[in-house]
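# Descriptive analysis of the structure
Take a look at the letters that make up each chain.
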Amino acid sequence: MARYSRRQFIKTGLAAGALVSAGNLPLRAARQTATDWVTLGKSNINVTRLAFGTGSFSGQIQRDLGQEQFTRLVRHAHERGVRFFETAESYHGMHEMLGIALKGVPRDSYRLMTKMTTHDGVDPQQKIDELRRLANTEYFDIALLHWQHTPTWPTDTRKWQDGVSEAQEKQAVLSHGASVHGLPALRQFPGNQWLQVAMIRVNHKGVRMDGEDYNTNDLGNVSEVVTHVKQVHKQGMGVISMKLVGEGAFTAREDRQAAMRFAFKNAGVDAVTVGYKNTAEIDEAIENLNLALA
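Residues numbered from 1 in each chain as written. Predicted model: local features only at pLDDT ≥ 70, side-chain atom pairs only at ≥ 80, totals over all residues. Heavy atoms only, no water.

### A few points about the nonpolar core
- By size, the foremost hydrophobic cluster in this structure holds 71 residues, and its most contacted members are L50, F52, F189, I200 and M260.
- If we skip the residues at most four places from it in the chain, F52 touches F70, L73, V74, A77, V82, F84, F85, E86, T273, V274, Y276 and I282. (Core = buried A, V, L, I, M, F, W, Y, C linked by side-chain atoms within 4.5 Å. Buried < 20%, exposed > 50% of the residue type's maximum accessible area, 1.4 Å probe, protein only. Contact = heavy atoms within 4.5 Å.)

This is the structure we're talking about:
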């Protein structure tokens with residue numbers, strides 16, 4: 001039998017005790033980053049926290065790059081880990097440009113969101129099929145009713161809601177929701193049973209955010225917007241923030257960093273979309289969000 005001195009026994013006992021104690025300590029949470037995959041509420045769709053937006057000034061900034069430069073930008077974002085791309089019917093030509101830019105990239109390596117303008121006299125199924133062809137994709141991970149800006153939008157868009165739900169049953173889209181402009185429309189989000197994903201304008205200064213008049217350049221009501229973000233998030237909706245940099249109004253990097261912190265730390269959004277015109281802006285957005293999450 002091995003013999004231990006009193007000193008050895010004490011040292012061994014202390015070491016064992018330390019291991020036991022360490023086992024009871026809470027593990028440090030893994031560091032969150034801009035390119036982590038997160039689930040958008042009960043939709044069960046996972047996206048990267050940072051998205052690649054294609055609607056800067058309704059897509060003009062991205063269109064003006066030309067296809068070759070735009071493709072280079074999309075591929076750079078994908079390589080850096082930004083795997084969530086979004087566009088809209090009203091960003092004229094951007095479905096096609098995005099489809100070309102992502103050609104050959106494994107479809108399961110990224111998520112794709114479209115936003116549809118809910119015009120009267122348009123068949124939702126035909127519109128979804130048209131946009132899928134333009135974007136060169138079999139399905140959209142997320143389809144949103146775009147630019148809902150009246151308090152009656154939940155009843156006005158019933159045909160579109162039914163059409164999107166039918167497309168979801170056919171796996172042409174995997175989840176659905178709406179983007180909103182103006183407080184009267186936003187106030188209809190909490191309690192809405194159809195919405196799975198909510199796209200809401202959020203930044204710390206209220207620039208291009210929601211007020212009583214959807215079509216105004218005045219500052220939005222930041223406090224009320226954040227209240228509604230938290231309400232719908234608690235309800236189980238995934239929340240994506242837009243207008244993070246005030247549609248390009250935040251020219252100082254400190255403001256862009258503050259906007260990231262506010263969106264995630266104060267409002268509690270799941271993901272945020274930003275439009276880019278060069279690779280440096282993508283790299284900065286990743287760094288800003290990483291700092292905000294640290």
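Alright, that's what it looks like, and here's the rest.
### Points about helix α10 (residues 253-267)
- Helix length check: α10 (15 residues) gives 20 Å between terminal C-alpha atoms against 21 Å at 1.5 Å per residue, within 8%.
- Within the sequence span of α10, burial applies to D255, R256, Q257, A258, A259, M260, F262, A263, F264 and A267.
- Among the residues trailing α10, G268 stands out with phi positive, at a value near 80 degrees. (Helix = DSSP H or I, 4+ residues; strand = E, 2+ residues; numbered from the N terminus. Expected span 1.5 Å × (residues − 1).)

### Notes on the sheet that holds strand β5 (residues 111-117)
- One closed barrel accounts for 8 strands, arranged β3-β4-β5-β6-β7-β8-β9-β10; its pairing is parallel. Looking at each pair of strands side by side, their axes are set apart by 25 degrees on average, direction ignored. (Pairing = 2+ DSSP bridges. Axes fitted to C-alpha atoms, helices over the stretch in contact; angles between N-to-C directions.)

### Remarks on the layout of surface pockets
- By volume, the largest pocket amounts to about 1,100 Å³.
- If you trace the largest pocket, you find 43 residues lining it, with G55, S56, F57, K243 and E247 closest to the centre.
- Within the residue set of the lining of the largest pocket, elements represented by two or more residues are β5, β6 (142-148), β8 (197-201), α10, β10 (271-275) and α11 (279-293).
- Of all the elements, α11 adds the most residues to the lining of the largest pocket, at 5 residues.
- Taken together, 14 residues line the second largest pocket, and the ones lying closest to its centre are T118, W147, Q148, H149 and T157.
- Counting only elements with at least two residues in the lining of the second largest pocket, the list comes to β6, α6 (153-156) and α7 (158-169). (1 Å grid on protein atoms, 1.4 Å probe; cavity = no way out; pocket = protein on both sides within 12 Å on 5 of 7 lines; lining within 4 Å. Points joined across faces, edges and corners; volume = space filled by probe spheres on them.)

### Overview of the confidence of the model for the protein chain
- With 90% of its residues at a pLDDT of 70 or more, the protein chain shows a mean pLDDT of 91.
- Low confidence marks residues 1-22, where pLDDT is under 50. Its contacts with residues over four positions away, or in another chain, come to 1 contact. (pLDDT = per-residue confidence, 0-100.)

### Considerations on the pairing of strand β9 (residues 238-242)
- Burial analysis of β9 places 5 of its 5 residues in the buried class, the great majority of the element.
- Here β9 shows a buried face lined by G238, I240 and M242 and a second buried face lined by V239 and S241.
- Summarising the sheet, β8 and β9 pair through 5 bridges and their orientation is parallel. Bridge pairing links I200 to S241 in β9.
- On the question of chirality, the crossover connecting β8 to the parallel β9 by way of helix α9 (residues 222-235) is right-handed.
- Pairing analysis gives 2 bridges linking β9 to β10, with the strands arranged parallel. Directly across from S241, in β10, lies its bridge partner V272. (Right-handed = clockwise from strand over helix to strand, strands pointing away.)

### Here we look at the packing of α10 against α11
- α11 packs onto α10 with a crossing angle of 50 degrees between their chain directions and a minimal axis gap of 9 Å. By the angle between their axes, α10 is oblique relative to α11. As for how α10 packs across α11, the hand of that crossing is right-handed. Residues R253, R256, Q257, M260, R261, F264 and K265 of α10 touch α11, and the partners they reach there are E284, A285, E287, N288, L289, L291, A292 and L293. (Parallel < 35°, antiparallel > 145°, perpendicular 65-115°, else oblique. Left-handed = near helix turned anticlockwise from the far one by under 90°.)

### Things to note about the pattern of salt bridges
- Taken as a whole and judged by the stated rule, the model has 17 salt bridges.
- Across the pair E89 and K127 runs a salt bridge whose closest N-O atoms are separated by 3.1 Å. Taken as a pair, E89 in the loop between β4 (84-86) and α4 (94-101) and K127 in helix α5 (residues 124-135) lie far apart in primary sequence, 38 residues in all. The pair formed by E89 and K127 is uniform in burial state, with each residue classed as buried.
- Three or more residues joined by partner-sharing salt bridges are found here, namely E89, K127 and E130. (Salt bridge = Lys/Arg side-chain N within 4 Å of Asp/Glu carboxyl O.)

### Some details on the packing of aromatic side chains
- Applying the stated criterion across every chain, the model contains 6 aromatic pairs.
- Consider the rings of F52 and F85, whose centres lie 5.6 Å apart with planes at 45 degrees: the pair is tilted. With a gap of 33 residues between them, F52 in strand β3 (residues 50-53) and F85 in strand β4 connect regions that are remote in the sequence.
- Using a relative accessible area of 0% as the deciding quantity, one classes F52 as buried.
- A relative accessible area of 0% means that F85 is categorised as buried.
- Relative to Y214, the ring of W147 lies with its centre 5.7 Å away and its plane at 75 degrees, an arrangement referred to as edge-to-face. You can see W147 sitting in strand β6 and its partner Y214 sitting in the loop between β8 and α9, a full 67 residues away along the chain.
- Residue classification places Y214 among the partly exposed positions, given a relative accessible area of 32%.
- Connected via pairs of aromatic rings, a cluster forms that spans F52, F70, F85, Y110 and Y276.
- A cation over a ring is seen here: R107 above Y139, with NZ or CZ 4.1 Å from the ring centre. (Phe/Tyr/Trp six-rings, centres within 6.5 Å; stacked < 30°, edge-to-face > 60°. Lys NZ or Arg CZ within 6 Å of the ring centre and 35° of its normal.)

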